[in-house]
Amino acid sequence: QAPLPPLTRSPSPVSNGGGWGEPIGASPQFFLGGVTMGFDREKFDEIKAAFTIDDDALRKIADDFRADMCAGLAGKEGATLRMLRSYAGLPSGKEHGSFLALDFGGTNVRAQRILLKGSGEYEVLSRVAKPLTLPGVYDYVSADATAEELFDFLAAIIDEAIDGNRETKYLLGHTFSFPSQQTNLNNAKLIVWTKEFATQGVEGKVVNDLLKEALARRGMTNVVPVAVINDTVAVLLAAAYKHEHTYIGSIYATGQNTCYYEDFADGSEPPTVINMESGGFGHLPFSKYDDILDQESEQPGAQRLEKMVSGRYLGTLYGAALADLLGADGVYPFSSIELSEIITDAHLDRHAAGAVIEAKTGMTFTAAERALLQELATAVIVRSARIVAATYVAIIQHRMGENEFENQFVAVDGSVYEKVPLVAHHLRGALDTLLLDEAVNVKIILENAGSALGAALAAAMTTRK
Ligand code: GLC
């Protein structure tokens, strides 16, 4: 996944000399106990502590999240989880036929033609993928882009996936990965952009109406959009198509969000998958860096959990902490890929990690300092994984209620889960810590075909007799 453009400008280059053993030019405020340092060790410890969540605090997050789920389901004021009804059930596993899938909501848009063969089997017949932003060439997700431009771009990609065919009728499932208010499986209105998307004229609109208009402009009336689902729902459907006992689907990528199958045991509503928009959860122990990032973002006050955990923000959080540590104004614009590079460096002298940091800060550091800066990067990542784990625990416990614990799968997709070092490990660890004896019953599975396969399944499910 390519990084999106940085959230904030790079701070003015700061130079306060070198690190340990390189005293030349160090400013007096960086002298500690007679040793010249690139940064203050006490301050470092303080910053690292700001990113540390102990087990008790984590348990509290899980409890608060579970309470917010109930409040959100009941539509109570003050709930931070939207708990959006998807109007999707779970697939039977027998879905058959060829469908189009459009996947919109991350760095790339993808259109695929997928043949469902039943029993969890499928085949991708064609696939087209394009980035939504090509620096210097186009940017369909900035505030300068219009809905028409964006949806024309999507229609062109779909056109490529069907080789310009205007004869065959295709039912299209649309994975649209933003908070949407639905009245049925196909009617989804974008509530508000997240993940720093800002295209004009889409908020408040029925997204498949915009898509249908764009398809009509290209004469593609043989393509019929029939379902809109969130990417979390797509992951859940895709995983449930292959494995029974999958009730939770989650994305841990540019954005972070989770859905689950709610059976409304009290009979108050028909069972359905709920898109929680869990990135919006707001009762969390925020650090000063979370607040800085929030203030600089497109939608201050919104998506507070997402801004602590997802790929769109992890590098920026690190950049905010580092700027504070080094006495710079602003935020260094790290991407989560660069953060991964810093963490991956296992060499004793942390030379590769140092190179990434030095390129951004214009400062040089000793090997010992580089190791600390790597520790800080790790702390940002570990906090992310632990918070996400706490949300899974809350959902598992909510679903379980007073009942016996069930063996189950939690399906996860996304570049952060899949590619950022230590994330999967700490997610599992925190799950084990919080679930105790029940942890063995929960298997986390990677479902990385989810967004497209799920969309095809959603389209197929509309043809159920
Ligand atoms: C953001 C969106 C949400 C989506 C998630 C992952 O949180 O609001 O709808 O599921 O990103 O893409």
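Residues numbered from 1 in each chain as written. Predicted model: local features only at pLDDT ≥ 70, side-chain atom pairs only at ≥ 80, totals over all residues. Heavy atoms only, no water.

(A) Up close: unusual backbone geometry. Even without glycine at this site, Asp 163 takes up a positive phi of about 50°. Mapped onto the elements of the fold, Asp 163 is located in the loop between helix H3 (147–161) and strand S9 (170–176). Residue classification places Asp 163 among the exposed residues on the basis of a relative accessible area of 69%. (Helix = DSSP H or I, 4+ residues; strand = E, 2+ residues; numbered from the N terminus. Buried < 20%, exposed > 50% of the residue type's maximum accessible area, 1.4 Å probe, protein only.)

(B) A look at the site of the ligand. As a matter of local geometry, the ligand sits amid 15 residues, with Thr 194, Asn 230, Asp 231, Glu 277 and Glu 306 nearest to it. A distance of 3.4 Å is found between an oxygen atom of the ligand and a backbone nitrogen or oxygen belonging to Ser 177. Against a free-state accessible area of 300 Å², the protein chains account for coverage of 98% of the ligand. Elements that contribute at least two residues to the shell around the ligand include exactly helix H5 (231–242) and strand S14 (256–262). (Near = heavy atom within 4 Å. Polar contact = N/O pair within 3.5 Å; in protein donor to acceptor, adjacent residues only side chain to side chain. Areas by Shrake-Rupley, 256 points an atom, 1.4 Å probe, with all protein chains shown as cover.)

(C) Fine view of the packing of aromatic side chains. Applying the stated criterion to the full structure yields 17 aromatic pairs. With centroids separated by 4.9 Å and ring planes inclined at 35°, the aromatic side chains of Tyr 138 and Tyr 140 adopt a geometry described as tilted. Tyr 140 matches Tyr 138 in its accessibility class, with the two residues each being buried. Relative to Phe 153, the ring of Tyr 138 lies with its centre 5.3 Å away and its plane at 55°, an arrangement referred to as tilted. Of the two residues, Tyr 138 sits in strand S8 (residues 138–139) while Phe 153 sits in helix H3, which places them 15 residues apart along the sequence. For the pair shown, Tyr 138 and Phe 153 are each scored as buried. A network of ring pairs unites the aromatic residues Phe 104, Phe 176, Phe 178, Trp 193 and Phe 197 as a single cluster. In this arrangement the basic side chain of Lys 195 is found over the ring face of Phe 178, its NZ or CZ atom lying 4.4 Å from the centre. (Phe/Tyr/Trp six-rings, centres within 6.5 Å; stacked < 30°, edge-to-face > 60°. Lys NZ or Arg CZ within 6 Å of the ring centre and 35° of its normal.)

(D) Fine view of the environment of Val 192. Relative to the helices and strands, Val 192 resides in the loop between strand S11 (188–190) and helix H4 (207–217). Taking the relative accessible area as the measure of exposure, Val 192 reaches 19% and is therefore buried. Residues Val 192 and Val 202 lie 10 residues apart in sequence; the distance between their C-alpha atoms is 8.6 Å. Non-local contacts of Val 192, meaning those with residues more than four positions away in its chain, are made with Arg 82, Pro 179, Glu 203 and Gln 299. (Contact = heavy atoms within 4.5 Å.)

(E) Highlighting the sheet that holds strand S3 (residues 84–85). Across the sheet, which stays open at both edges, the 6 strands sit in the order S3-S15-S14-S13-S16-S17 with mixed pairing between neighbours. Each edge of the open sheet is held by one strand with a lone partner, namely S3 and strand S17 (442–446). Bridging between S14 and strand S15 (residues 272–275) involves 4 bridges; their strand directions are antiparallel. Residue pairing for S15: Tyr 260 is matched across the bridge by Ile 274. On the sheet, H5 packs against strand S13 (246–252), S14, S15, strand S16 (408–413) and S17 and is oriented at approximately 135° with respect to S13. (Pairing = 2+ DSSP bridges. Axes fitted to C-alpha atoms, helices over the stretch in contact; angles between N-to-C directions.)

(F) Spotlight on the pairing of S14. S14 sits mainly inside the fold: 7 of its 7 residues count as buried. Alternating positions in S14 separate into two faces, Gln 256, Thr 258, Tyr 260 and Glu 262 on one and Asn 257, Cys 259 and Tyr 261 on the other, with burial throughout. Looking at chain direction, S13 and S14 are connected through 5 bridges and run antiparallel. What sits directly across from Ile 248, in S14, is Tyr 260. Linking two consecutive strands that pair antiparallel, namely S13 and S14, is a turn of 3 residues.

(G) Broad picture of helix H11 (residues 367–400). Counted at 1.5 Å a residue, the expected span for H11 with its 34 residues is 50 Å, and the 49 Å between its end C-alpha atoms agrees. Summarising burial for H11: 29 of the 34 residues are buried, a large majority. Within two residues after H11, Gly 401 carries a phi angle of roughly 55°, on the positive side. (Expected span 1.5 Å × (residues − 1).)

(H) Focus on the packing of helix H8 (residues 311–325) against H11. Here H8 crosses H11 at 140°, and the two axes come no closer than 10 Å. The angle between H8 and H11 places the two elements in the oblique class. In this structure, the crossing between H8 and H11 has a hand that is right-handed. Two secondary-structure elements touch here, H8 through Leu 314, Leu 317, Tyr 318, Ala 321, Leu 322 and Leu 325 and H11 through Leu 373, Leu 376, Ala 377, Val 380, Ile 381, Arg 383 and Ser 384. Classifying every residue of the contact of H8 with H11 gives 11 nonpolar, 1 polar and 1 charged. (Parallel < 35°, antiparallel > 145°, perpendicular 65-115°, else oblique. Left-handed = near helix turned anticlockwise from the far one by under 90°. Nonpolar A, V, L, I, M, F, W, Y, C, P; charged D, E, K, R; others polar.)

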